[in-house]
Each structure stands twice: as structure tokens, then as C-alpha cells.
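# Coordinate inspection notes
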Amino acid sequence: MKYAVDQDACIGCGMCEALCSEVFAIGLDGKAQAVKGSTSDNDLAASEAMASCPVGAISQE
Ligand code: SF4
């Protein structure tokens, strides 16, 4: 599954990276990015990260 982070909405809280660092990482600009797609190993964690974003900045592509 591929994910996208709305860079304007992200507040850089780090929740997504804490829940699924294989897919989400905070960049040098302090905003999260989806660095790769999820796999069967981390689909659940990635989807929990999306659901846990406090500002709803993460979407599935
Ligand atoms: S959980 Fe949402 S607001 Fe927090 S860093 Fe990730 S994308 Fe940004």
C-alpha cells in the first residue's frame, strides 16, 4: 500500500514515524514523508499510523 502525507497539514508530531518507521519518517523540514510503501509485514502498523494522525494528513494513494 502506498501512502501520501499532506505537507501543508502535517504538524510534525512524529506519531506516524513512532508507529511505523518503515513507512513514515520525519524529514529535515520537520514534516513527515512516506518514504516507502507498506508491505504485508507492516500494513497494519501503517494503517494505524494513518488513523492516528491528529490532523488527518495521511492518505492512501
Ligand atoms: S502523525 Fe500526521 S501530523 Fe504527525 S508527523 Fe505524521 S503526518 Fe505529520
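Above this text sits the structure in question.
Given the structure is predicted, the values throughout are model-derived calculations rather than measurements.

Once that is clear, we can look at empty space enclosed by the protein. This structure, assessed with the given rule, holds 1 cavity of 30 Å³ or more. Along the wall of the largest cavity there are 15 residues; nearest its centre are Cys10, Cys13, Cys16, Ala32 and Cys53. Classifying every residue of the lining of the largest cavity by side-chain character gives 13 nonpolar, 2 polar and no charged.

Further remarks concern the nonpolar core. With 13 residues, the main nonpolar core has Val5, Phe24 and Ile58 as its most contacted residues. Of all the secondary structure elements, the ones that give two or more residues to this core are β1 (3-5) and α2 (43-52). For valine 5, the contacting residues outside a window of four places in its chain are Cys10, Phe24, Ala32, Gln33, Ala34, Ala57 and Ile58.

Turning our attention to the site of the ligand. With respect to spatial proximity, 14 residues lie near the ligand, and among them Cys10, Cys13, Gly14, Cys16 and Cys53 are the closest. Spatially, the ligand is embedded in the largest cavity.

For asparagine 42, the location among the structural elements is in the loop between β3 (32-34) and α2. Note on asparagine 42: relative accessible area 10%, which makes it buried. Residues contacting asparagine 42, with those up to four places away along its chain left out, are Cys20, Glu22 and Val23.

For the rest of this paragraph, the subject is the environment of valine 55. Tracing the sequence through the fold places valine 55 in the loop between α2 and β4 (58-60). In sequence terms valine 55 and alanine 9 are 46 residues apart; their C-alpha atoms lie 6.7 Å from each other. Other than its neighbours up to four places away in sequence, valine 55 contacts Ala9, Cys10 and Ile11.

How each quantity is defined
Each chain has its residues counted from 1, following the order in which its sequence is written. Per-residue local features of the predicted model are confined to residues with pLDDT of at least 70, and side-chain atom pairs are confined, for both listing and counting, to 80 or more; whole-chain, interface and lining totals are unaffected and use all residues. Side-chain descriptors were evaluated using all non-hydrogen atoms of the structure, hydrogens and water having been removed beforehand. Two kinds of site are reported from a 1 Å grid over the protein atoms alone, namely cavities, where a 1.4 Å probe fits but cannot get out, and pockets, open sets with protein on both sides within 12 Å along at least five of seven lines, and residues are called lining when an atom falls within 4 Å of a point. Grid points are joined across faces, edges and corners, and a volume is the space filled by probe spheres set on the points. Three residue categories are used. Nonpolar comprises Ala, Val, Leu, Ile, Met, Phe, Trp, Tyr, Cys and Pro, charged comprises Asp, Glu, Lys and Arg, and polar comprises the others, including Gly. Among buried residues, those of type Ala, Val, Leu, Ile, Met, Phe, Trp, Tyr and Cys that are joined through side-chain atoms within 4.5 Å constitute a nonpolar core. For every residue, the accessible area (1.4 Å probe, protein chains only) is compared with the maximum for its type, and the residue is labelled buried under 20%, exposed over 50%, or partly exposed between those bounds. Counting from the N terminus, the helices are the DSSP runs of H or I reaching at least four residues and the strands are the DSSP runs of E reaching at least two. Here, residues are in contact when the closest pair of their heavy atoms is within 4.5 Å. Any residue with a heavy atom positioned within 4 Å of a molecule or strand is treated as near that molecule or strand. For this analysis, a molecule is said to be in a pocket or cavity if more than half of its atoms are within 2 Å of the grid points defining it.

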